[in-house]
Amino acid sequence: MDAAALPSQMNAEFISAVTGGRSELVKILLADPRVNPGVGDNCGIRRAACEGYNDILKMLLEHPKVDPGADNNAAIRLACDQNRTEAVRLLLADPRVDPCALDNYALSWAAIYGNVECIKLLITHPRICLNNIHLINWSSMHNQIEIIKILLADPCVDIAYMRNHAIRTASKWGHHELVSLLLDHFRYSINIHDYIRIKSKISPAINEIWVNHIIKYKWCFDTFLAQHLIADLGVLIIQFINN
């Protein structure tokens, strides 16, 4: 190390070392009192989390001048964006980190990108409240079946949020397997009126899935509705009535 180097120069070298993933150099620099590892609104820990440099991340989390929750908890948000599972695990273990920051940004974007392992870590965190986010609807739009299964298994998730928005979204986007999964799960909370509201906006293949579930679960409807739907359901309606 250059004994004559200014703190600003040392900080620049520190950021460069973190960016390059050079953990041994980072360790040396952290021992130098001229280095401020929280420089640039904690740029170092954000980069370590984003790139998945876990050895560096561990060192920074132990340093008293580093704030892992800086910039609206950017470190964990970036780690979830980039699917850095171990980095997410390390950050969640630190009480200074708020995984719910910016309206559950970390969880929502992990779902959009299909980062299932990150989601599994996030949804087990005591500060996460799945019922207060639109995660299931985002997952339905992007056909993230494995994520939906995780959410459906959680009793805290309101899967009927916004008048069954999830099933309507999956239907409109043509996600066959997901529609069938949600219809099976929603069988006691969806009825024939939900089908009427959506039938003009879905493909014939998705329509067939809905019809099969109407028959399978014997959803209730009156004679007027039967007449209204006869053109769509044909012999299936007659079969349903006769049963």
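Think of each chain on its own: its residues are numbered from 1, step by step along the sequence as written. Two thresholds apply to this predicted model, a pLDDT of at least 70 for residue-level local features and 80 or more for giving and counting side-chain atom pairs, whereas whole-chain, interface and lining totals are computed over all residues. The basis for the side-chain values is all heavy atoms of the structure; hydrogens and waters are excluded.

(A) Quick look at the overall build of the protein chain. Helical segments are the DSSP runs of H or I of at least four residues, strand segments are the runs of E of at least two, and each set is numbered from the N terminus. Helix and strand counts for the protein chain come out as 16 helices and 0 strands. Only protein chains enter the accessibility calculation, which uses a 1.4 Å probe. A residue is then buried if its area is under 20% of the maximum for its type, exposed if over 50%, and partly exposed in between. For the protein chain, the residues scored as buried account for 49% of the 243 residues in total. Within the protein chain, counting contacts between residues at least 6 apart in sequence, those at least 24 apart form 68% of the total. Where accessible areas are quoted, they stem from the Shrake-Rupley method and a 1.4 Å probe; at the residue level, only the protein chains shown are allowed to cover. Counting every atom, the protein chain has about 12,200 Å² of accessible surface; 53% of that belongs to carbon and sulfur. We call two residues in contact when some of their heavy atoms are within 4.5 Å.

(B) Highlighting the packing of aromatic side chains. Stacked, tilted and edge-to-face are the three classes assigned to paired rings of Phe, Tyr and Trp, where Trp is represented by its six-membered ring and a pair needs centres within 6.5 Å; plane angles under 30 degrees give stacked, over 60 edge-to-face, the rest tilted. Within the structure shown, the criterion is met by 2 aromatic pairs. Considering the side-chain rings of W109 and Y113, the 5.7 Å spacing of their centres and the 45° angle between planes classify their relative orientation as tilted. Counting every residue linked through ring pairs, the aromatic cluster contains Y105, W109 and Y113. Here the basic side chain of R77 rests over the ring of Y105, its NZ or CZ set 5.1 Å away from the ring centre. For a Lys NZ or an Arg CZ to count as sitting over a ring, it must be within 6 Å of the ring centre and within 35 degrees of the ring normal.

(C) How the structure looks around the side chain of R77. Residue position: R77 is located in helix α5 (residues 70-81). Charge convention: Lys and Arg are scored as positive, Asp and Glu as negative, and His as well as the terminal groups of each chain are ignored. Think of a salt bridge as a Lys or Arg side-chain nitrogen and an Asp or Glu carboxyl oxygen that are within 4 Å of each other. Although buried, R77 forms no salt bridge, and the nearest oppositely charged side chain, D71, lies 4.5 Å from it. Of the polar contacts made by the side chain of R77, one reaches the backbone oxygen of D71; its length is 2.9 Å. Once residues lying within four places of it in the same chain are set aside, the contact partners of R77 are D71, N72, L102, Y105 and A106. Under the rule applied, a polar contact is a pair of N or O atoms within 3.5 Å (in protein, one hydrogen donor and one hydrogen acceptor; residues adjacent in sequence only if both atoms are side-chain atoms).

(D) Region of the structure containing the pattern of salt bridges. As enumerated under the stated definition, the model contains 6 salt bridges in all. The salt bridge involving D32 is made with R34; its shortest N-O contact spans 2.8 Å. Given a relative accessible area of 21%, R34 falls into the partly exposed group. Across the salt bridge formed by R96 and D94, the nearest N and O atoms sit 2.7 Å from each other. Overall, the relative accessible area of 37% leaves R96 in the partly exposed class.

(E) Structural view of the packing of helix α7 (residues 101-112) against helix α8 (residues 116-123). Put simply, α7 and α8 touch, their axes get as near as 8 Å, and they point 150° apart. With respect to α8, the element α7 is oriented roughly antiparallel. Handedness of the crossing formed by α7 with α8: left-handed. Contacts between α7 and α8 pair A106, L107, A110 and A111 from the former with C118, I119, L122 and I123 from the latter. Taken together, the residues that form the contact of α7 with α8 break down as 8 nonpolar, no polar and no charged. Lines fitted to C-alpha atoms define the axes, with helix axes restricted to the stretch in contact, and inter-axis angles between N-to-C directions lie between 0 and 180 degrees. Here is the rule for angles: anything less than 35 degrees is roughly parallel, anything more than 145 is roughly antiparallel, 65 through 115 is roughly perpendicular, and the remaining ranges are oblique. A crossing counts as left-handed when the near helix is turned anticlockwise from the far one by less than a right angle, and as right-handed when that turn is clockwise. For this classification, Asp, Glu, Lys and Arg are treated as charged, while Ala, Val, Leu, Ile, Met, Phe, Trp, Tyr, Cys and Pro are nonpolar and the rest, including Gly, are polar.

(F) Representation of the packing of helix α10 (residues 145-152) against helix α12 (residues 176-185) within the structure. Interaxial distance between α10 and α12 falls to 10 Å at its minimum, and their mutual angle equals 10°. Classified by the angle their axes make, α10 and α12 are roughly parallel. Of the residues in α12, those in contact with I145, I148, K149 and L152 of α10 are E177, L178, L181, L182 and H185.

(G) Main features of helix α14 (residues 204-217). Each helix should span, by expectation, one fewer than its residue count multiplied by 1.5 Å. Compared with the 20 Å implied by 1.5 Å per residue over 14 residues, the 20 Å span of α14 between its first and last C-alpha is a close match. Among all positions in α14, only I206, N207, I209, W210, V211, H213, I214 and I215 are buried. The positive-phi residue at the C-terminal boundary of α14 is K218, with phi of around 50°.

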